[in-house]
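The lines below spell out each chain.
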There are 2 protein chains.
Amino acid sequence: MTASTPVAFEDPQYREAVVDLLGVIAYGEISAFERLVEDGKLAPSLEDKVAIAAMASAEFAHVAPLTERLAALGAEPFGAMAPFQGPIDRFHEHTAPADWYEGLIKAYVGDGLANDFYREIAAYLDTDTRDLVVASLEDSGHSAFVVDRVRKAIAADPRLGGRLALWARRLMGEALTQAQHVAAERDALTALLAGGIDRPGLDLAAIGRMFTRLTERHAERMSELGLSS
Amino acid sequence: MTASTPVAFEDPQYREAVVDLLGVIAYGEISAFERLVEDGKLAPSLEDKVAIAAMASAEFAHVAPLTERLAALGAEPFGAMAPFQGPIDRFHEHTAPADWYEGLIKAYVGDGLANDFYREIAAYLDTDTRDLVVASLEDSGHSAFVVDRVRKAIAADPRLGGRLALWARRLMGEALTQAQHVAAERDALTALLAGGIDRPGLDLAAIGRMFTRLTERHAERMSELGLSS
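Residues numbered from 1 in each chain as written. Chains lettered and ligands numbered in written order. Predicted model: local features only at pLDDT ≥ 70, side-chain atom pairs only at ≥ 80, totals over all residues. Heavy atoms only, no water.

## Observations concerning the interface of chain A and chain B
- With 18 residues of chain A at the contact, the number on the chain B side is 18 residues.
- The contact between chain A and chain B buries some 1,800 Å² in all, and 74% of this surface belongs to carbon and sulfur atoms.
- Here chain A is connected to chain B by four salt bridges.
- Close ionic contact of B:K41 with A:E38 constitutes a salt bridge, the shortest N to O distance being 2.5 Å.
- Across the contact surface, chain A and chain B share four residue pairs in polar contact (both at pLDDT 80 or more).
- Of all the elements in the fold, those that place two or more residues in the side of chain A that touches chain B are α1 (12-39), α2 (46-60) and α4 (77-94) of chain A. (Contact = heavy atoms within 4.5 Å. Buried area = accessible area lost by both parts, 1.4 Å probe. Salt bridge = Lys/Arg side-chain N within 4 Å of Asp/Glu carboxyl O. Polar contact = N/O pair within 3.5 Å; in protein donor to acceptor, adjacent residues only side chain to side chain. Helix = DSSP H or I, 4+ residues; strand = E, 2+ residues; numbered from the N terminus.)

As structure tokens, this is what we get:
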């Protein structure tokens, strides 16, 4: 750690929580990258494949700043990611898209949900870490592509809308399941939300409001896609 | 085309050749990207997987400038790539790596060979196109990683060296086979090397010397890896 390390890091549990958080985000980006490229094989055209590959590459570009910060905090970056490989890999195994449109929904809805969640957590971090986390969640303007493709496909085949709405619900359920596994196993990460030295925390009512916000934003994304949530 | 289009483009065959060249390079980068990510599944560690994914992303970053130039030349970028999908896909089908080390050799030797070849062709292009082609071949410093991993593996298991040397020979043979298919079908591209208005060309002796240079550089890469060529 450098001389400019914020005071919050004097709390070893806070440092542990930040290492966990950067580790889970980094592994999430790596595996999202891999899965998006894999899903690109389902693309109906080379142009669509390149569009999804561009989303994948944008995710991957966030990995290096996260591993650099982990190293600066004295953590071994790949060791920091290791505890999250199981839950994240399981999420992807349980949500392998059956076709191109399921892949698009997963990229848009799954990514949006994870980003909203990390952005909520970011509010409880020191400024440097918060800026890093928020930067790594940047949407590179690719979501307009997904919305356009999905809306057109539903217009052409309205039954698709019903199937994709169910699929999005399954994604949400699977994400919550795996998030619960992580929360149960990573005490420092969970404690982060409870606050500490120089950091405000959340009480149960506030956690409830946070989940309400996450659900509302999910519903907004669904209606942008023309799907019921 | 804009007012600043070089005089060489007044020759419709030259324009056609440049569209072909940018198309084949772009599709080569897209498919190299996909295959590298696929090969990353064979990585022995998350760190190695991230290293190969970084090579993949660096390739993909070259695609956008190529499609932009194709569009500026009045070509439909994905249409320009289409004639090369068959040969390049076949190259990859015939050279699917059986393990992590075959994947590394393919990334290093295959990419090196393609880059040398395009760099040779670049000498016969107008300045703008040449700069674009050369920029899209930039090695982003990832090859040191491949050399390090392969040399260590051969030191630990010398028999691996023999197998990988044979594998590299197969890659070279398969690349030449597919390049010949392309040359036989794309007259404008082949004619590019013969020269034209304001552009010097190659006679047969010069083509021979070009292949000698390509073979020599291939041998240099092999010996850097500790392999006989």
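## Observations regarding the packing of aromatic side chains
- Evaluated as defined, the whole model comprises seven aromatic pairs over all chains.
- Between A:F9 and A:Y14, the ring centres sit 5.1 Å apart and the planes meet at 75 degrees, which makes this aromatic pair edge-to-face. In terms of burial, A:F9 and A:Y14 fall into one category: buried.
- For the ring pair A:F33 and B:F33, a centre distance of 6.0 Å and an interplane angle of 80 degrees mean the geometry is edge-to-face. (Phe/Tyr/Trp six-rings, centres within 6.5 Å; stacked < 30°, edge-to-face > 60°. Buried < 20%, exposed > 50% of the residue type's maximum accessible area, 1.4 Å probe, protein only.)

## Re the nonpolar core
- Counting residues in each nonpolar core, the largest one holds 145 residues, and the members touching the most others are A:I105 and B:I105.
- For B:I105, the contacting residues outside a window of four places in its chain are B:G110, B:V150, B:L164, B:W167, B:A168, B:L171, B:L225 and B:L227. (Core = buried A, V, L, I, M, F, W, Y, C linked by side-chain atoms within 4.5 Å.)

## With respect to helix α8 (residues 159-185) of chain B
Residue and element names in this part refer to chain B.
- Along its 27 residues, α8 runs 40 Å from first to last C-alpha, staying within 8% of the 39 Å computed at 1.5 Å per residue.
- For α8, the complete set of buried residues consists of L160, G161, L164, A165, W167, A168, L171, M172, E174, Q178 and V182.
- Among the structural elements, α4 (77-94), α5 (100-122), α7 (143-156), α9 (187-192) and α10 (204-224) are those in contact with the buried residues of α8. (Expected span 1.5 Å × (residues − 1).)

## Considering the packing of α5(B) against α8(B)
All names here are of chain B.
- Contact geometry of α5 with α8 gives a least axis separation of 10 Å together with a crossing angle of 40 degrees. By the angle between their directions, the pair α5 and α8 is classed as oblique. Every pair of crossing elements has a handedness; the one defined by α5 and α8 is right-handed. Between α5 and α8, the residues in contact are Y101, E102, I105, K106 and L113 and L160, R163, L164, W167, A168, L171, M172 and A175, respectively.
- The class makeup of the residues in the contact of α5 with α8 is 10 nonpolar, no polar and three charged. (Axes fitted to C-alpha atoms, helices over the stretch in contact; angles between N-to-C directions. Parallel < 35°, antiparallel > 145°, perpendicular 65-115°, else oblique. Left-handed = near helix turned anticlockwise from the far one by under 90°. Nonpolar A, V, L, I, M, F, W, Y, C, P; charged D, E, K, R; others polar.)

## Re the relation of the copies chain A and chain B
- Relative to chain B, chain A is turned by 180 degrees and slid 0.0 Å along the rotation axis, the superposed coordinates differing by an RMSD of 0.0 Å. What the rotation and shift describe, once combined, is the action of a two-fold rotation axis. Using C-alpha coordinates, one finds that chain A approaches the rotation axis most closely at A:S57, a distance of 2.9 Å.
- When the interface residues of chain A are mapped onto chain B, 100% of them are again interface residues, pointing to one common binding face. (Least-squares fit on C-alpha atoms with pLDDT ≥ 70 in both.)

## As for the pattern of salt bridges
- Taken as a whole and assessed by the stated rule, the structure comprises 29 salt bridges over all chains.
- Here B:R163 makes a salt bridge to B:E102, at a shortest N to O gap of 3.0 Å. Placement of B:R163 in helix α8 and of B:E102 in helix α5 is noted, with a sequence separation of 61 residues between them.
- By relative accessible area, which is 8% here, B:E102 ends up buried.
- Connected through shared salt-bridge partners, A:D116, A:R119, A:E120, A:R213, A:R217 and A:R221 make up one network.

## Some words on the confidence of the model for chain A
All names here are of chain A.
- Per-residue confidence for chain A averages 89 on the pLDDT scale, and 96% of its residues sit at or above 70.
- Taking the mean pLDDT of every element in chain A, the minimum, 83, falls on helix α9 (residues 187-192) and the maximum, 96, on helix α3 (residues 63-72).
- Two summary scores accompany this predicted model of the complex, namely pTM at 0.88 and ipTM at 0.84. (pLDDT = per-residue confidence, 0-100.)

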